[in-house]
Amino acid sequence: MEIVKKVFIILVLLLISSCSSIENKRKNFQKIIALVSANANETDLIEISKDDVENINYPLIQVRTNDVLKHAVMLPISNRNGYTNFLSGSNQSITLHGTMITKTNGLNANLISLEMKLNSPLIKKTPLTKWPLTSSRKYTFITPDHRFRDVFVNCVLEFVKNEKITTLKNNSFSTSKYKEVCNNKNIYFENFYWADKEGFIWKSKQWISEKQVFANLTVLKL
């Protein structure tokens, strides 16, 4: 845990290095540390405003689950071949490919990989008019006896409605809400995505575990 805190301190110093004054650096350092170090087990949600993130020059996401992780603000720590690793100050981490969560740590989900077509609009930003209605994917989980378990599902995507969402405090905008029904003979679940007209997904609710754990992911800053 101490190593994680040191990594975050280094990251935050880099993120605010462009600030114009030492006083601004100090204030933003305190602000960002407070955001990313919030207790992930508390049930009260953190309200984040534009002012809280305006001097952060990297993507910033918020993740909540219906299980052990109640909320976490995460910063990117690496990016390779389209996969971005995000880390919280409480040592939870996820890997994103586009908007899709492909790996988790500290979320009680045991997801280690997700495979789907690379041209999926859930990975590659695509105008809504070109979103395909059907897809398939493979989830891989690690089991308690350290084996790998593959879960194959077929999915059907459907438009639900136009909906305003709030990503930051007092910052609402219009999106299109889509529901994705995925299943095989043993499993059924529903994912949800909120995208702007260009196809960028600002918010999603994703299945990440056979124990019916879902992650709510919100993009706070690009």
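Throughout what follows, the structure given in this document is the object of discussion. (Residues numbered from 1 in each chain as written. Predicted model: local features only at pLDDT ≥ 70, side-chain atom pairs only at ≥ 80, totals over all residues. Heavy atoms only, no water.)

### Observations concerning the nonpolar core
Phase 1 of the analysis: Counting residues in each nonpolar core, the largest one holds 43 residues, and the members touching the most others are Ile 94 and Tyr 139.
Phase 2 of the analysis: Ignoring any residue separated from it by four or fewer positions in sequence, one finds Tyr 139 in contact with Leu 111, Ser 113, Leu 114, Arg 149, Asp 150, Val 151, Val 153, Phe 189, Asn 191 and Trp 207.
Phase 3 of the analysis: Within the second largest apolar cluster, eight residues are counted, among which are Ile 48, Ile 56, Leu 60 and Leu 75. (Core = buried A, V, L, I, M, F, W, Y, C linked by side-chain atoms within 4.5 Å. Buried < 20%, exposed > 50% of the residue type's maximum accessible area, 1.4 Å probe, protein only. Contact = heavy atoms within 4.5 Å.)

### So, the sheet that holds strand β9 (residues 171-183)
Phase 1 of the analysis: In spatial order, the strands read β5-β4-β3-β2-β1-β12-β11-β10-β9-β8-β7-β6; together these 12 strands make up an open sheet with antiparallel pairing. Sheet topology places β5 (100-105) and β6 (111-115) at the edges, where each strand pairs with a single neighbour. In this sheet, neighbouring strand axes are inclined to one another by 30° on average, regardless of whether the strands run parallel or antiparallel.
Phase 2 of the analysis: Where strand β11 (residues 201-207) meets strand β12 (residues 214-221), five bridges bridge the pair, whose relative direction is antiparallel. (Pairing = 2+ DSSP bridges. Helix = DSSP H or I, 4+ residues; strand = E, 2+ residues; numbered from the N terminus. Axes fitted to C-alpha atoms, helices over the stretch in contact; angles between N-to-C directions.)

### Brief notes about the packing of aromatic side chains
Here a ring pair, both rings aromatic, is described through the centre-centre distance and the interplanar angle of the planes.
Phase 1 of the analysis: A full pass over the atoms with the stated rule returns 10 aromatic pairs.
Phase 2 of the analysis: Ring centres 4.8 Å apart and planes at 40° place the aromatic pair Trp 131 and Tyr 178 in the tilted group. Remark: Tyr 178 occurs in strand β9 and Trp 131 occurs in the loop between β6 and β7 (134-142); sequence separation between them is 47 residues. The same class applies to Trp 131 as to Tyr 178, namely buried.
Phase 3 of the analysis: Pairing Phe 159 with Tyr 178 gives two aromatic rings, centres 5.6 Å apart and planes at 75°, and the pair type is edge-to-face. On the criterion of sequence distance, the pair formed by Phe 159 in strand β8 (residues 148-168) and Tyr 178 in strand β9 is long-range, its members being 19 residues apart.
Phase 4 of the analysis: Connected via pairs of aromatic rings, a cluster forms that spans Tyr 139, Phe 141, Phe 189 and Trp 207.
Phase 5 of the analysis: In this arrangement the basic side chain of Lys 203 is found over the ring face of Trp 194, its NZ or CZ atom lying 4.8 Å from the centre.
Phase 6 of the analysis: In this structure, Lys 205 is placed above the aromatic ring of Phe 214, and the distance from its NZ or CZ to the ring centre is 5.2 Å. (Phe/Tyr/Trp six-rings, centres within 6.5 Å; stacked < 30°, edge-to-face > 60°. Lys NZ or Arg CZ within 6 Å of the ring centre and 35° of its normal.)

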